[in-house]
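# Chains, contacts and geometry: an overview
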Amino acid sequence: MKKNQSTILDKASIFYDTFERKAGTELKVTHYCPGCGHGILHKLIAEALVDFDVEDKTVFLSPVGCSVFAYYYFQNGNIQSAHGRDPAVGTGYKRANPDSIVISYQGDGDLASIGGNNILQAANRGENMTVFFVNNATYGMTGGQMAPTTLIGQRSTTTPRGRTVENEGYPLRMSELLSTLEAPVYIERVMLTDPKNIAKTRKAVRKAIKNQIDNKGFSFVEVLSACPTGWKKTPHDSVNWITEVQEQYFPIGVKKDVSEEREPIIVKRITPKYSDFHKVLDIQSLNDLPDVPKIPDTKNINEEIKIAGFGGQGVLSLGYVLANIGMGHNYAVSWLPSYGPEMRGGTANCSVKISDVRIGSPIVDNPTTLIALTKPALEKFENDVVPGGNIIYDSGLIDVAPKRKDVNVIPIKATEIADKLGSTRAANMVLFGVYSKLTGYLSQEYIKWGIKHIINKEKFNELNMNALNAGYEFGEK
Ligand SMILES: Cc1ncc(C[n+]2csc(CCOP(=O)(O)OP(=O)(O)O)c2C)c(N)n1
Ligand code: SF4
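Here the structure is a predicted model, which means the values were calculated and not measured. (Residues numbered from 1 in each chain as written. Chains lettered and ligands numbered in written order. Predicted model: local features only at pLDDT ≥ 70, side-chain atom pairs only at ≥ 80, totals over all residues. Heavy atoms only, no water.)

## What to know about the packing of helix H11 (residues 315–328) against helix H14 (residues 427–439)
Where H11 contacts H14, the two axes come as close as 10 Å, and the packing angle between them is 40°. The orientation of H11 with respect to H14, classified from their angle, is oblique. The handedness of the crossing between H11 and H14 comes out as right-handed. Residue-level inspection shows Ser317, Leu318, Val321, Leu322 and Ile325 of H11 in contact with H14, the latter providing Asn428, Leu431, Phe432 and Tyr435. Residues that form the contact of H11 with H14 fall into these classes: seven nonpolar, two polar and no charged. (Axes fitted to C-alpha atoms, helices over the stretch in contact; angles between N-to-C directions. Helix = DSSP H or I, 4+ residues; strand = E, 2+ residues; numbered from the N terminus. Parallel < 35°, antiparallel > 145°, perpendicular 65-115°, else oblique. Left-handed = near helix turned anticlockwise from the far one by under 90°. Contact = heavy atoms within 4.5 Å. Nonpolar A, V, L, I, M, F, W, Y, C, P; charged D, E, K, R; others polar.)

## Quick notes on unusual backbone geometry
In this structure, Asp53 is a non-glycine residue whose phi angle is positive, near 60°. The backbone phi angle of Asn330 is positive, close to 70°, even though this residue is not glycine. Considering the arrangement of structural elements, one finds Asn330 in the loop between H11 and strand E9 (332–339).

## Focus: the site of ligand 2
The environment of ligand 2 is made up of Tyr32, Cys33, Cys36, His38, Cys66, Asn136, Gly140, Cys227, Pro228 and Thr229. Looking at the shell around ligand 2, its residues break down into six nonpolar, four polar and no charged. (Near = heavy atom within 4 Å.)

## Side note on the site of ligand 1
Taken together, 16 residues lie around ligand 1, and Cys66, Asp108, Gly109, Asp110 and Gly140 are the ones closest in. Take Asp110: an N or O atom from its main chain is 2.7 Å from an oxygen atom of ligand 1. Asn136 places a side-chain nitrogen or oxygen 3.1 Å from an oxygen atom of ligand 1. Per-element accounting of the shell around ligand 1 gives the leading share, four residues, to helix H3 (residues 108–114). (Polar contact = N/O pair within 3.5 Å; in protein donor to acceptor, adjacent residues only side chain to side chain.)

## Details of the nonpolar core
Among the nonpolar cores identified, the biggest contains 41 residues, and Ile305, Ile325, Ile371, Phe432 and Ile451 are the most heavily contacted of them. Elements with a minimum of two residues in this core: strand E8 (302–310), H11, strand E10 (347–355), strand E13 (408–412), helix H13 (414–421), H14, helix H15 (444–455) and helix H16 (461–476). Ranked by residues supplied to this core, first place goes to H14 with seven residues. Contact partners of Phe432, with chain neighbours within four places excluded, come to Leu318, Val321, Leu322, Ile325, Leu442, Ile447, Ile451 and Leu468. Residues Cys36, Val50, Val54 and Ala208 belong to the second largest nonpolar core, which totals 34 residues. (Core = buried A, V, L, I, M, F, W, Y, C linked by side-chain atoms within 4.5 Å. Buried < 20%, exposed > 50% of the residue type's maximum accessible area, 1.4 Å probe, protein only.)

## Quick notes on the environment of Met174
Along the polypeptide, Met174 turns up in helix H6 (residues 174–178). On the basis of relative accessible area, Met174 is assigned to the buried category, the value being 3%. Those residues within four positions of Met174 in sequence are excluded, and the remaining contacts are Leu111, Ala112, Ile119, Phe133, Phe220 and Glu222.

## Observations regarding the domain arrangement of the chain
According to the domain assignment, the chain contains domain 1 (38–257) and domain 2 (297–476). The distance between the C-alpha centroids of domain 1 and domain 2 comes to 50 Å. (Domains from an automatic or database assignment.)

## Some thoughts on the sheet that holds strand E4 (residues 130–135)
What the seven strands build is an open sheet, ordered E2-E1-E3-E4-E6-E5-E7; its pairing is mixed. Each edge of the open sheet carries a strand with a single partner, namely strand E2 (77–80) and strand E7 (253–257). Adjacent strand axes in the sheet meet at a mean angle of 15° when their direction is disregarded. Along the sheet, helix H2 (residues 86–96) makes contact with strand E1 (58–62), E2 and strand E3 (101–107), crossing E3 at roughly 175°. (Pairing = 2+ DSSP bridges.)

This is how it looks when you write it as structure tokens:
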């Protein structure tokens, strides 16, 4: 990236040379209306990022609103969040990448309305990020509806006769509200009206970014910004309206500043090896137990298992036991339960992944093995199984066979077998036995040992072992 300094009257190098907003076009101008404040604020932020030399580690969070297209202009990292969710997305990004610079750029609809709680919680946690809050007293993008910052008496498409206290309440002063919180470091309101105030905005922008570079915590700059289109005014009249009307209710100035006295918060990123996760989290690993059996070498596997049935059939616990035993074999695993609000009897399923490589997402869309314990479960997931995959189903409970011809279909009367062994509840262990025999990558010795320790209920041991053996022997046949 070419470097230039903002003192040179040139476009900051963090901006793309041309903007390809529409395929095949190479525009030199932004999409903002004449007189809109967004463009000026973009420029001030861009220049600060270049001058601080942090453009390569900056992530700009675009909101839903007129500035949604910021990613066409800034050539640093970009994330497009759902409406109002920048503070939550920024929190996640910053915590995973403490050395990055996170810029949350939000309109008043985005920040103070739909995302009101998001910003409040992020500010209250003191996330080390910089928030630019564009207060243009309207929803610009959607055509001028009332925003939480729309002034009393101000007309909008949803308050055609003007906002009233009786109907819509008072406009929200976000800077004042947030400055009552302990955690934020710096909160200032500025306005983009004239060179003097733009210079003040420039200073505030820099300070808010510098605070983040210095790990001081949460900084927030509210910018009174013109929306001539939404306000149905000329650019000139819009600027006058800010100083004559808007600023009366939203006075500019520093609302809170403890940047000098606040000690930097240095977050150390910990990246333990998989095998050390339990130590970091201070939980005991199954494999720390003294009698742990020999663990076979890991193989190249990528198992995606969906186990589905009703609550009470042991669907979730089968997945849980399976994932733990996979983890004991040193595989990366995930277990994602999904169930209705009922304690028993509602639909329940879980997704389990067991892999020799890192797992990006716990969601199983296309299982390599489906274990179905009810007819609705089989019908729901049958078509999702990968070609060549397995469908193991309880044929005592499900009276229709799967229609798929391109998968291995294994019917077993698991519940009936478990009943004969002493309890319906061991049906899940029968199915585990079939699965383990069929796939063959888990050690039987370890499975038996693991089940005892994971379930940890002495009185079920014998039943579970018998059920597991029954399934295993069935699988052999
Ligand atoms: C979940 C969701 N709800 C509603 C919308 C519609 N929507 C798009 S932009 C917007 C308001 C944007 O206003 P503001 O945040 O003030 O930004 P401005 O356009 O004024 O810069 C709304 C409600 C949406 N895109 N997504
Ligand atoms: S509608 Fe308003 S906020 Fe949106 S680009 Fe136009 S002037 Fe700017």
